[in-house]
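Single-letter residue listing:
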Amino acid sequence: MAAIVALAGLAGVSAALLSSGDFLTSHKDPAAVEIVPTNPEAVAQQPDPAVPLLPVPSRVRPVAPDVVAAPLVEQERLERIDPREALGIGRAQAPSEGPPAETMLHRPVATAAGAFEARGYHVALSGIEVTDAGETCGSDGASWPCGVHARTAFRNWLRGRALSCVVPPVAPQETVVTECKLGGHDAAAWLVAQGWVRAAADGPYAEIEAEARKKGRGLFGAAPSGSAPPPLSLTLPETSGG
């Protein structure tokens, strides 16, 4: 009798397990179920779905017409031309071959009335005759070194200030004859007005020289006072006892 009851209990447990397995199988997650095709070769031979191609517009639509204006191009008038020849490389221009330009010449040193040196340039003012430093002036047998005085007057007027002159880009070996200004004042005109240089025959300062001659300035006047330095005098202190 006990054996029959035990067999009946085992049968009931087996039935319960079978029913629970069917329940789990019927409620399995569809996403987790692996679907195996019945015919793999047929699936491999299926073509990929066709992707529709967008039509190519005949004209380019401007993205921001209010900001960037699209150029108007008529395709019918476009013409293909041959490429141009390569640009040739000419000879490089040397700095000394450039045109003269207005240049500031700092710290000029007057070598004569109307001539000076600065930054390697040897400059003579145009429109005048440079007064040589060794020239002497005077009449009635009295002479004085007017050339030295003229150079000194030019140096005192310059006082090392920069002159603005039209000169080549690179200082040449020869003297450059040009017009120079000091703070907007014509240097040559100042020298002529003071009588320290003579105006050139074809220059623009003839009337200024006539005025300087009339007033006896510079080269056209008498020797300035103290034209020669006073002799050196030395006074020795007296000593007692012979």
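What you see is a predicted model; the values in this text were computed from it and never measured.

**Brief notes about the overall build of the protein**
Turning to step 1, where the next piece is worked out: Within the protein one finds five helices and ten strands.
Turning to step 2, where the next piece is worked out: For the protein, with 242 residues in total, the buried portion stands at 23%.
Turning to step 3, where the next piece is worked out: For the protein, contacts bridging at least 24 residues in sequence account for 55% of all contacts bridging at least 6.
Turning to step 4, where the next piece is worked out: When the accessible surface of the protein is split by element, carbon and sulfur atoms take 58% of a total near 19,100 Å².

**Quick word on helix H4 (residues 187-194)**
Turning to step 1, where the next piece is worked out: Of the residues making up H4, those classed as buried are Ala-187, Ala-188, Ala-189, Leu-191 and Val-192.
Turning to step 2, where the next piece is worked out: You can read the cap of H4 off the contacts: a side-chain oxygen lies 3.1 Å from the backbone nitrogen of Ala-188, and it is on Asp-186.
Turning to step 3, where the next piece is worked out: Looking one or two residues past H4, Gly-195 carries a phi angle of roughly 80°, positive in sign.

**A look at the sheet that holds strand E6 (residues 163-167)**
Turning to step 1, where the next piece is worked out: Judged by pairing direction, the sheet is antiparallel, and its four strands sit side by side in the order E1-E6-E8-E9 without closing on themselves. Since the sheet does not close on itself, it has two edges, and those belong to strand E1 (101-105) and strand E9 (185-186), each with one partner.
Turning to step 2, where the next piece is worked out: Taken together, the two bridges between E6 and strand E8 (residues 180-182) define a ladder with antiparallel strand orientation. Across the sheet, the residue bridging to Cys-165 is Cys-180, located in E8.

**Brief notes about the pairing of E6**
Strand residues, when the strand is regular, have side chains that alternate between the two faces of the sheet.
Turning to step 1, where the next piece is worked out: Of all the five residues making up E6, four are buried; the element is thus mostly covered by neighbouring parts of the structure.
Turning to step 2, where the next piece is worked out: Judged from the five bridges that link them, E1 and E6 form a sheet pairing that is antiparallel. Within the sheet, the bridge partner assigned to Glu-102 lies in E6 and is Val-166.

**Here we look at unusual backbone geometry**
Turning to step 1, where the next piece is worked out: Although it is not a glycine, Arg-107 sits at a positive phi angle of roughly 50°.
Turning to step 2, where the next piece is worked out: Mapped onto the elements, Arg-107 comes out in the loop between E1 and strand E2 (109-112).
Turning to step 3, where the next piece is worked out: Given a relative accessible area of 71%, Arg-107 falls into the exposed group.
Turning to step 4, where the next piece is worked out: A positive phi is found at Arg-159, a non-glycine position, where the angle reads about 55°.
Turning to step 5, where the next piece is worked out: You can see Arg-159 is positioned in the loop between helix H3 (146-158) and E6.
Turning to step 6, where the next piece is worked out: With a relative accessible area of 58%, Arg-159 lands in the exposed category.

About the criteria used
- Residues numbered from 1 in each chain as written.
- Predicted model: local features only at pLDDT ≥ 70, side-chain atom pairs only at ≥ 80, totals over all residues.
- Heavy atoms only, no water.
- Helix = DSSP H or I, 4+ residues; strand = E, 2+ residues; numbered from the N terminus.
- Buried < 20%, exposed > 50% of the residue type's maximum accessible area, 1.4 Å probe, protein only.
- Contact = heavy atoms within 4.5 Å.
- Areas by Shrake-Rupley, 256 points an atom, 1.4 Å probe, with all protein chains shown as cover.
- Polar contact = N/O pair within 3.5 Å; in protein donor to acceptor, adjacent residues only side chain to side chain.
- Pairing = 2+ DSSP bridges.

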